[in-house]
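Summary of structural features
Here is how the chains run, residue by residue.
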Amino acid sequence: MMTAIALPQRKGQQGLVGTLHVPGDKSLSHRALMLGALAVGDTVIDRCLLADDVLHTRSALTQLGTEIDVNPDQQTVVVHGRGRFTFAPTVKPIDLGNAGTATRLLLGMLSRQPYPLTIHGDASLSQRPLMRVCDPLQQMGATIDLRADNYLPASIHANSSLKGITYQLPVASAQVKSAILLAGLQAQGATSIIEPVPTRDHTERLLRAFGADVERHGKVITLQPGSLLEGQSIHIPGDLSSAAFFIVAALIIPGSHLVLPAVGVNPTRTGLLTILEQMGAKIGLSQLETLNGEPRASLTIKSQSLKGITIAGAQVALAIDELPIIALAATQAKGETIIRDAQELRFKETDRIKTVVQELKKFGVHIEEKSDGMVIKGQQELMAPPADTVLDSHGDHRLGMMLAVAALLTGGKVLLKQAEAIGISYPTFLADLQSLLKSQ
Ligand SMILES: O=C(O)C1=C[C@@H](OP(=O)(O)O)[C@@H](O)[C@H](O)C1
Ligand SMILES: C=C(OP(=O)(O)O)C(=O)O
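Values in this document were obtained by computation on a predicted structure and should not be read as measured data.

Procedures and definitions
- Residue positions are given per chain, counted from 1 along the sequence in the order it is written.
- To read the labels, note that chains go from A and ligands from 1, taken in the order they are written.
- pLDDT decides what is reported in this predicted model: residues at 70 or higher carry local features, side-chain atom pairs at 80 or more are listed and counted, and totals for whole chains, interfaces and linings draw on all residues regardless.
- Elements are defined by DSSP. Helices are runs of H or I of four residues or more, strands are runs of E of two residues or more, and each kind is numbered from the N terminus.
- Using C-alpha atoms as the atom set, the radius of gyration is obtained and then compared with a globule rule of 2.2 Å times the number of residues to the power 0.38.
- Note on contacts: residues are paired as contacts if their backbone-placed C-beta atoms lie within 7 Å.
- Should the C-beta atom of a residue, placed from the backbone, lie within 6 Å of a molecule or strand, that residue is near it.
- Three residue categories are used. Nonpolar comprises Ala, Val, Leu, Ile, Met, Phe, Trp, Tyr, Cys and Pro, charged comprises Asp, Glu, Lys and Arg, and polar comprises the others, including Gly.
- An automatic or database domain assignment supplies the residue ranges for each domain.
- UniProt positions are given in the numbering used here, feature names are shortened, and annotations may be inferred rather than shown by experiment.
- Each residue is classified by how many other C-beta atoms fall within 10 Å of its C-beta atom, where C-beta atoms are placed from the backbone; a count of 20 or more means buried, 12 or fewer means exposed, and values in between mean partly exposed.
- Pairing between two strands is assigned when DSSP locates at least 2 bridges connecting them.
- Lines fitted to C-alpha atoms define the axes here, with helix axes fitted over just the stretch in contact, and angles between the N-to-C directions of these axes take values from 0 to 180 degrees.
- In these notes the angle categories are as follows: under 35 degrees is roughly parallel, over 145 is roughly antiparallel, 65 to 115 is roughly perpendicular, and the rest is oblique.
- Handedness of a helix crossing follows the sense of rotation of the near helix relative to the far helix, less than a right angle counterclockwise being left-handed and clockwise being right-handed.

Topic: the overall build of the protein chain
- In terms of helices and strands, the protein chain carries 13 helices and 24 strands.
- Here the protein chain has a C-alpha radius of gyration of 21 Å; the compact-globule value for 440 residues is 22 Å, and the two agree.
- Long-range contacts, defined as pairs at least 24 residues apart, comprise 77% of the intrachain contacts of the protein chain with a sequence gap of at least 6.

Considering the site of ligand 1
- Taken together, the neighbourhood of ligand 1 is formed by S27, T101, S173, A174, Q175, S178, R200, I320, D321 and E344.
- Among the elements that line the shell around ligand 1, the one with the most residues is helix α5 (residues 174–184), at three residues.
- Here the shell around ligand 1 is built from residues that sort into two nonpolar, five polar and three charged.
- Here the shell around ligand 1 gathers at least three residues from each of two domains, domain 1 (4–23 + 238–438) and domain 2 (26–235).

Some thoughts on the environment of L306
- Counting through the fold element by element, L306 comes out in the loop between β17 (294–302) and β18 (310–311).
- Between the C-alpha atoms of L306 and G141, which are 165 residues apart in sequence, the distance is 51 Å.
- Not counting the four nearest positions on each side in its chain, L306 is found in contact with L251, M279, G280, A281, A329, Q332 and A333.

Side note on the site of ligand 2
- Residues in close proximity to ligand 2 include K26, D53, A99, G100, T101, D321, K348, E349, R398 and S425, which together make up its full environment.
- By residue class, the composition of the shell around ligand 2 is one nonpolar, three polar and six charged.
- Residue contributions to the shell around ligand 2 reach at least three from each of two domains, namely domain 1 (4–23 + 238–438) and domain 2 (26–235).

Some remarks on the UniProt feature "active site" (unreviewed entry) in the protein chain
- When the UniProt feature table is mapped onto this chain, "active site" (unreviewed entry) is found at D321.
- In this structure, D321 sits in the loop between α9 (314–317) and α10 (323–332).
- Classification of D321 as buried rests on a count of 24 C-beta atoms within 10 Å.

Remarks on the sheet that holds strand β15 (residues 257–264)
- The strand order across the open sheet built from five strands is β16-β17-β15-β2-β24, with neighbouring strands paired in mixed fashion. On the outer flanks of this sheet lie β16 (284–291) and β24 (437–438), each paired with one strand and no other.
- Bridge analysis of strand β2 (residues 15–19) against β15 gives three bridges, and the strand direction is parallel. Opposite T19, over in β15, you have V259 as the bridge partner.
- Those strands touched by helix α7 (residues 240–252) are β2, β15 and β17, and its axis lies near 160° from that of β15.

Side note on the environment of H235
- Here H235 lies in strand β14 (residues 233–235).
- The residues touching H235, leaving out its near neighbours within four places in the chain, are D46, R47, L291 and N292.

Topic: helix α3 (residues 100–109)
- Here α3 lies mainly inside the structure; nine of its 10 residues are buried.
- Considered for burial, the residues of α3 that qualify are T101, A102, T103, R104, L105, L106, L107, G108 and M109.

Things to note about the packing of helix α1 (residues 26–38) against α3
- Across the interface, α1 lies against α3 with an axial gap of 11 Å and an inter-helix angle of 30°. Taken together, the axes of α1 and α3 lie roughly parallel to each other. In this structure, α1 crosses over α3, and the sense of that crossing is right-handed. Between α1 and α3, the contacting residues are S27, H30 and M34 on the first element and T101, A102, L105 and M109 on the second.
- Broken down by class, the residue content of the contact of α1 with α3 amounts to four nonpolar, three polar and no charged.

Have a look at this one:
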């Protein structure tokens, strides 16, 4: 029997009150480490996320001969760039744990090495589709063998050349786009990617910050190889996907008033804020500043009422990791909320349509699973699950954090299994949540 932990509990009328600096952005931390490793000279990364997923990127790059120092304050990481695309050979398989972003981006970045490499990961990562990345990489000239033609472990063959391609993405995926761009850096000729709808563009922005030639015209992103990548001073903003749990918690828990300084508000990430605005929320944005091409702002959130809406189409990709916590917000809104076109949720750390529905039902919530999303009834009172029912993160950090916020709505004692999964993106999440519980 796996041990369960008790989640933070609200006493009386406590709300979430105070100022919180959420940890650095996960997507940007992976990318800054990778580009830092390729660049000439040192890259100093401030507010680099040091959570499980990013630590796997760091250890992979170290295993491949990159020197990376973490300053004792745990806030600054220095990557001593190799100044070339070739890494040191390694016979040992590279372990990427639970990290989907690391896996897909590194497959692209390592698809032209003069020796073979093997990548593996945990049970969840080993069930996530990779043909979507390997297909374009093979068109560029890489040879990658996947288990059952789609899954880890992956064996990348030794390869000495890649060619640029024009590729229409069949699914909206920033990870696939980024893998192709990282391979494109090492290819002969230009690489163009056509996106069905916009996805997070951190790779494009960071590549430009390091000196690469990347342009976007409408739906087409084009990279011209050959530019020198130079080490940079990179300032990572707070992760909006981590802030999301506090934003929604503050909105739906009465008596809350939170300030979240310096959170990333790149427009390809702010789908959550647009959706919440459509639900009627007013979130304050101040102190806007752009560093390394990435905008950030201080967010101010007070508890307020929400209304149900339909979330579909291009909105989904811009809020893909926030849909579990949006589902919880919907349980408190006036009227029904429908989430459609979100079948990609089935390919995350868990099948997030299935697990969100299964776990929210433990609170007595009316929520219906659809093939591409869910339908959530509004204005529901969440009940602490009965003593013999334990919540389960299923090893999915975002599910674990959403359930911790849901538990606060009950006021009762709620247990969570596999809570350690939260450390994949936010090791201090539960302590931070607890520290903000105050009576105003
Ligand atoms: O590029 C990235 O950093 C990410 C892209 C998204 O995945 P997909 O590209 O599979 O949509 C997202 O879900 C993931 O958490 C991070
Ligand atoms: C889907 C996620 O990450 P990854 O794909 O990197 O595992 C996430 O962080 O919600």
